[in-house]
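The primary structure of each chain is shown beneath.
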Amino acid sequence: MASYGGQALIEGVMMRGQEDLAIAVRKSDNEISCKMEKITGISAKYPFLKKPFLRGTVALFESLIMGIKALTYSANESVEAEEEELSNLEIAFSIALALGLGILLFFIAPAVFAHLLHQYVQGSFLQNVLEGFMRIGIFLLYVFGISRMKDIQRVFEYHGAEHKVIHAYEAGEELKVENCRKYTTLHPRCGTSFLLIVMVISILIFSLFGVEIFWWRLLSRVILLPVIAGVSYEILKLAGKYCDNPIMKIVNKPGLMMQKLTTGEPDDSQLEVALRALQGVLDAEKGEDTCKI
């Protein structure tokens, strides 16, 4: 069975398959707006980028691009504003800003804090472990903090709807609201799990390098990110594919626990939106475009 994934949006959900994606948004008049797009990633032009350990970094950048476009569309549709297309320059700036802030908050800041404590925690290995735990701690505080925001809670409910619908599809259920309600809002292939895996893998990889030269310590956190993303992506794929394996259950457990913060219990109207998005992708694979109906 082909695997599908998605992203929660502002009053909506994006679902994507191998070649198509669908965005469904609940508008202010309670109607569901739906939009289909073909996925035209760089890996389609350069198949070698689909190889293990390369595809993770490519998937990260492609997800950022699609996510920013989908968020812009959902924001416009949810308030019925005039849709504004993002230019390539605006998309590049948004990605650079998002990555820059993420690197600064989750990689540079922990490295600086750990360096300031080098008199109390000595040795490269212990320094890197301390830095890693600081990184995870900052990530947990960040997720907990945004999960308290009312608008973000709505997005997290759509995140839960996305997972429930995917679970129903993977279980072979008919795609109806009543069939989706019973499933959990947690899913092993979630991006939240991916980010937590990145945090853990970074401890292992950074531990192979010294911390004595401060500028190298900071630079290595940036240049090794593609390696960390590649390894983390492969682990996430394995954890999702073999989720019933006892070892993989242990690997999945922290990410699933984290998803209790990043997903909420959706109502039926949110499940309808997620179902519309997934059905749009499934229909597109049959050569149909039900979003036009």
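Treat the numbers as computed from the prediction; the structure is a model and nothing was measured. Per-chain numbering applies: the sequence of each chain, read as written, is numbered from 1 onward. Owing to the predicted nature of the model, reporting of local features is limited to residues with pLDDT of at least 70; listing and counting of side-chain atom pairs is limited to 80 or more, with chain, interface and lining totals taken over all residues. Water and hydrogen atoms were dropped before computing side-chain values, which therefore reflect all heavy atoms in the structure.

### What to know about the overall build of the protein chain
Quick note on the threshold: Every helix listed is a DSSP run of H or I at least four residues long, and every strand listed is a run of E at least two residues long, numbered separately from the N terminus. C-alpha atoms define the radius of gyration, and 2.2 Å times the number of residues to the power 0.38 defines the globule rule. Each residue is placed in one exposure class: buried if its accessible area under a 1.4 Å probe, protein chains only, is under 20% of its type's maximum, exposed if it is over 50%, and partly exposed if it falls in between. Should any heavy atoms of two residues lie within 4.5 Å, those residues are considered in contact. For this count, His and the chain ends are skipped, Lys and Arg are scored as positive, and Asp and Glu as negative. We put the charge of a Lys on NZ, of an Arg on CZ, of an Asp on CG and of a Glu on CD.
The helix and strand inventory of the protein chain stands at 11 helices and 4 strands. Here the protein chain has a C-alpha radius of gyration of 20 Å; the compact-globule value for 293 residues is 19 Å, and the two agree. Reported as C-alpha extents along the three principal axes, the dimensions of the protein chain are approximately 65 × 45 × 40 Å. Counting every position in the protein chain, which comprises 293 residues, the buried fraction comes to 45%. Put simply, 67% of the contacts in the protein chain that link residues at least 6 apart link residues at least 24 apart. Taken as two groups, the 29 positive and 33 negative side-chain charges of the protein chain have centres that lie 8 Å from each other.

### A closer look at the layout of surface pockets
Summary: where empty space remains is shown by rolling a probe the size of a single water molecule over the atoms. Worth spelling out the cut-off: The method works on a 1 Å grid over the protein atoms by themselves. A cavity is a set of points holding a 1.4 Å probe that cannot get out, a pocket is an open set with protein on both sides within 12 Å along at least five of seven lines, and residues with an atom within 4 Å of a point line them. Grid points are joined across faces, edges and corners, and a volume is the space filled by probe spheres set on the points. Put simply, Ala, Val, Leu, Ile, Met, Phe, Trp, Tyr, Cys and Pro go in the nonpolar bin, Asp, Glu, Lys and Arg in the charged bin, and everything else, Gly too, in the polar bin.
Roughly 300 Å³ of volume is contained in the second largest pocket. Together, 16 residues line the second largest pocket, and Thr40, Gly41, Glu62, Ile65 and Met66 are the ones closest to its centre. It is helix H2 (residues 55–78) that contributes the most residues to the lining of the second largest pocket, 7 residues altogether. Partitioned by chemical class, the residues of the lining of the second largest pocket number 10 nonpolar, 2 polar and 4 charged.

### Comments concerning the pairing of strand E1 (residues 5–9)
Within a regular strand, side chains alternate between the sheet's two faces. Just so we agree on the cut-off: Following DSSP output, two strands are said to pair if at least two bridges run between them.
The sheet contact formed by E1 and strand E2 (residues 12–16) spans 5 bridges and is antiparallel. Across the sheet, the residue bridging to Gln7 is Met14, located in E2. Remark: 2 residues form the turn of the hairpin made by E1 and E2, two consecutive strands paired antiparallel; Glu11 in that turn has positive phi of roughly 55°.

### Focus: the UniProt feature "transmembrane region" (unreviewed entry) in the protein chain
Filter applied, for reference: UniProt positions are given in the numbering used here, feature names are shortened, and annotations may be inferred rather than shown by experiment.
Per the UniProt entry, the sites bearing "transmembrane region" (unreviewed entry) are residues 91–113, 125–144 and 194–216 in this numbering. Regarding residues 91–113, the helix share stands at 100% and the strand share at 0%, and the terminal C-alpha atoms are separated by 32 Å. Here residues 194–216 runs as 70% helix and 0% strand, with 26 Å between its end C-alpha atoms.

### With respect to the packing of aromatic side chains
Our working definition: Classification of ring pairs rests on two measures: the distance between centres of Phe, Tyr or Trp rings, Trp counted by its six-membered ring, which must be within 6.5 Å, and the angle between planes, read as stacked under 30 degrees, edge-to-face over 60 and tilted in between.
Counted according to the given criterion, the structure contains 6 aromatic pairs. When the ring of Tyr4 is compared with that of Tyr169, the centres are 5.2 Å apart and the planes differ by 90°; the resulting orientation is edge-to-face. In this pair, Tyr4 is assigned in the segment before E1 and Tyr169 in helix H5 (residues 150–170), connecting sequence segments 165 residues apart. Across this residue pair, the class does not change: Tyr4 and Tyr169 are buried.

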